[in-house]
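Given next are the chains, with one letter for each unit.
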Amino acid sequence: MTELATVKVFRYDRAVDKESRYQTFEGIPYKDRTVLEVINLIYEQFDQTLSFREGCVNGTCTGCAMMVNGEPVLACQKLAEKEMVIEPHPKFETIKDLVVDFDKVRG
Amino acid sequence: MKTETAETDVLVVGAGSAGIMAAIRAQDKGASVLLITNGALGKDSAVTWMTGGGFQCALYPPDSPEVHARDTIRNGSYINDQELVLAILKEGPRCITDLYRWGERFWKEGDRFIQDVMPGHSYARCVVMEKTKSTGEIKGYEHRRVLPNQVRVKKIPLLDEFMVTDLLTAHGRVVGVTGIDVANGEFRAIAAKTVILATGGYAACFKRYLTGPSVTGWGVGMAYRVGAEFMDMEIVDFYPYCAVWPRLRCVNIWGANLRYGLSGKFMNRSGFEFFDAYRKRGLARPQSIYMEVKADRGGPHGGIYLSFRHVPVNIIDEYLKRARSTIWYQQMVESGIDIRNEAVELFPMAMSTLGGIRVDTGCRTTVPGLYAIGELISGFDGAHTLAGNLIISCFATGSIAGEAAAAEANRLASPVLDEGQIDTLRRKALRPMEQAGGIRPFTVKAEIQDIAWNHANVAGRTKEGLETASREIEKIRLEKLPQVCTSAKNLRYNREWGQCLEIENMITSIEMTLLGALTRTESRGLHFRDDYPHKDPNWIKNVVIRKEGEKMGVDVRPATFPYFKPKESQEGGRADD
């Protein structure tokens, strides 16, 4: 039987939302996948409104910098875990979901 | 609703090495510039950020741009555009000097850059980083540290997170672009006296690729639609050392770490080191691996073996200790493989596309007002790229085009945009958002990638396969392309919207690759036809493709040899790394 993950994803849109929320996705195949691949899978199969940056997918451009279980990671370079909380990188202002504004560092 | 418009002298689409260099040069020449990227500057999927250690430039005698050009053309099997090769390589030294001035930490002693040898080059001409003093390091990090910063320092007007969808024309001339602001979904037209396309190649149109996922031929599709000529689109470079087992989807290139870091030996299922036999037939490494696996002499995961059994265990352990923080090391541990005893499996994946838009020595396309640079052009590499040549051609073409476009813009009046044309393009761009039900884009993308992978790979191309692939792609163009649509309709950061719009460009790119491969009835460099396995001396020619009405027109033109004539003994010389 394939092991499946539970993934909590940060949701927020600077343009419309007053407050952020978390959306939980269950039954996500995660073995041998990176965090970015899991996010892509959630986007393709569960929720197409989810926004995130993909960049080079090679660990060099840092476009997919985000928080996984409270730690800053490059999503393309981090192997997925069975329980994950995925949030935007806290150093920058959030624009939408996992997309941050790299020009705006939080004070 | 009136579309918001802006205007500029030189508009640069794409902010990798070529695009940023072009923008800098154009601004230095006094032109007003607008630089556009589809992501965040320096954090987009520009291939520049992942370039490896090769960075070739002839700087000091006895080396010269002419000798470098001879190496490049010999390696490219003489189908290169010799004038263009020389123009690019002559521009190289200026780029290296400027990059150093802007802060790239090349190794220099006194006023002399230190250079190292790479395969296929007559002299040591690879610029080396100060810190590592080796050609094996990733120079992408350094480019990413320096180039986006130069855009800020030089205050180059930047439009980031903007997805350019089409080129605008008036009286046969390119006069601007249309596109969508990713952050708010707004459709905009931008007028420009000249447009420089620096959108990269289309390696991500193949099922397995090394580039970022958005390298899907955006510029190829746009330029094709306005009638630009393309050349040698059948030539696609595949990187041979990509791991298929243990499988690491995020960094397929990790096989190269082991290949170069630990000097592994390649062997087939019987433990036979097979490369020499293929080399004698003039075949490149990715082709050798492909054929060996297709002949059913590979491993169970569809790759060829890379073994380290000949390396003493303490050397392997020392190497792995240094690599501990990398993801491929973690994945290796997780997969349970012990490289001291077991071999990994490698297979080639699409890396760069050597064919592209045909340009002159000023990087002008055949459409007035439109320039093309970087990986998007053809004619520089010929049939096979020489190690470390791609990145210098990106900087140099950017440099050439930036200045040429600024000079041209200086002579021109402001363009007038055709509102009717903008409206047509707006409706086309918005259709996937307005259509309620249809086909999800990622399934169509996967179909195209499968077709390209199965029939237009680095070897195994046949008339039958290419014709089948062409029919399948045509079916997708006719039946599925008009049906792709987004399932979520949010205007802000809607990924599916971009994916819907890139499909047409993917189709065009692969159609041209298939047509080029069908037309070239021989095997040359990275193009290998199973049914025409030999290099044909009568085929020192270029395959030129352009849009003719609603059809793809193809034309075969003999290559010219203004500087270097093919010699029987040299023709077919090829360097491997």
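*Asks:* Got a minute to help me understand the pairing of strand β8 (residues 162-170) of chain B in this structure?
*Replies:* Where a strand is regular, its side chains alternate between the two sheet faces. Residue and element names in this part refer to chain B. Within β8, eight of the nine residues are buried, which leaves the element mostly enclosed by the surrounding structure. Where β8 meets strand β9 (residues 173-181), eight bridges bridge the pair, whose relative direction is antiparallel. Note on β9: the bridge partner recorded for Phe-162 is Asp-181. Hairpin connection from β8 to β9: two residues lie between these consecutive antiparallel strands, with His-171 at a positive phi of about 50°.

*Asks:* Just checking my understanding: could you explain the side chain of Arg-524 of chain B for this structure?
*Replies:* Residue and element names in this part refer to chain B. Within the secondary structure, Arg-524 sits in the loop between α15 (495-519) and β18 (541-548). Here the side chain of Arg-524 touches Ser-77 through a polar contact of 2.9 Å, landing on its backbone oxygen. One polar contact links Arg-524 to Glu-522, side chain to side chain, over a distance of 2.7 Å.

*Asks:* For this particular structure, what's the right way to read unusual backbone geometry?
*Replies:* Of all residues except glycine, most have a negative phi; of all peptide bonds, most are trans. All names here are of chain B. Pro-61 connects to Pro-62 through a cis peptide bond whose omega is 10°. Within the secondary structure layout, Pro-62 lies in the loop between β2 (33-36) and α2 (65-75). With a phi close to 65°, Tyr-78 is a non-glycine residue in the positive phi region. On the secondary structure map, Tyr-78 appears in the loop between α2 and α3 (82-102).

*Asks:* I keep staring at the packing of helix α1 (residues 17-28) of chain B against α3 of chain B and nothing clicks. Help me out?
*Replies:* Each pair of packed helices gets described by two things: the angle between the helix axes and the distance between those axes. Residues and elements named next belong to chain B. Running from N to C, α1 and α3 cross one another at 90°; their axes reach a closest spacing of 13 Å. In this view, α1 runs roughly perpendicular relative to α3, as classed from their interaxial angle. Only Arg-94, Cys-95, Asp-98 and Trp-102 of α3 make contact with α1, whose side of the interface consists of Met-21, Ile-24 and Arg-25. Here the residues of the contact of α1 with α3 are counted per class, giving four nonpolar, no polar and three charged.

*Asks:* Help me understand the packing of aromatic side chains, please; the structure alone is not making it clear to me.
*Replies:* When we look at a pair of aromatic rings, we describe it by the centre distance and by the angle of the planes. Throughout the structure, instances matching the rule amount to 20 aromatic pairs over all chains. With 6.2 Å between their ring centres and 65° between their planes, Phe-25 of chain A and Phe-46 of chain A make a pair best called edge-to-face. Here the residue Phe-25 of chain A occupies a position in strand β2 (residues 21-29), and Phe-46 of chain A occupies one in the loop between α1 (35-45) and β3 (65-68), the gap between them amounting to 21 residues. Centroid distance Phe-266 of chain B to Phe-275 of chain B: 5.0 Å. Interplanar angle 65°. Geometry classified as edge-to-face. Judged on exposure class, the residue Phe-266 of chain B and its partner Phe-275 of chain B are both buried. One aromatic cluster is present, built from ring pairs that chain together Tyr-239, Tyr-241, Phe-266, Phe-274, Phe-275 and Tyr-278 of chain B. Just above the ring of Tyr-60 of chain B sits the side chain of Arg-112 of chain B; from NZ or CZ to the centre is 4.2 Å. Over the aromatic face of Tyr-43 of chain A sits the side chain of Arg-495 of chain B, whose NZ or CZ is 5.0 Å from the ring centroid.

Each value, and the rule that gives it
Residues numbered from 1 in each chain as written. Chains lettered and ligands numbered in written order. Predicted model: local features only at pLDDT ≥ 70, side-chain atom pairs only at ≥ 80, totals over all residues. Heavy atoms only, no water. Buried < 20%, exposed > 50% of the residue type's maximum accessible area, 1.4 Å probe, protein only. Helix = DSSP H or I, 4+ residues; strand = E, 2+ residues; numbered from the N terminus. Pairing = 2+ DSSP bridges. Polar contact = N/O pair within 3.5 Å; in protein donor to acceptor, adjacent residues only side chain to side chain. Axes fitted to C-alpha atoms, helices over the stretch in contact; angles between N-to-C directions. Parallel < 35°, antiparallel > 145°, perpendicular 65-115°, else oblique. Contact = heavy atoms within 4.5 Å. Nonpolar A, V, L, I, M, F, W, Y, C, P; charged D, E, K, R; others polar. Phe/Tyr/Trp six-rings, centres within 6.5 Å; stacked < 30°, edge-to-face > 60°. Lys NZ or Arg CZ within 6 Å of the ring centre and 35° of its normal.

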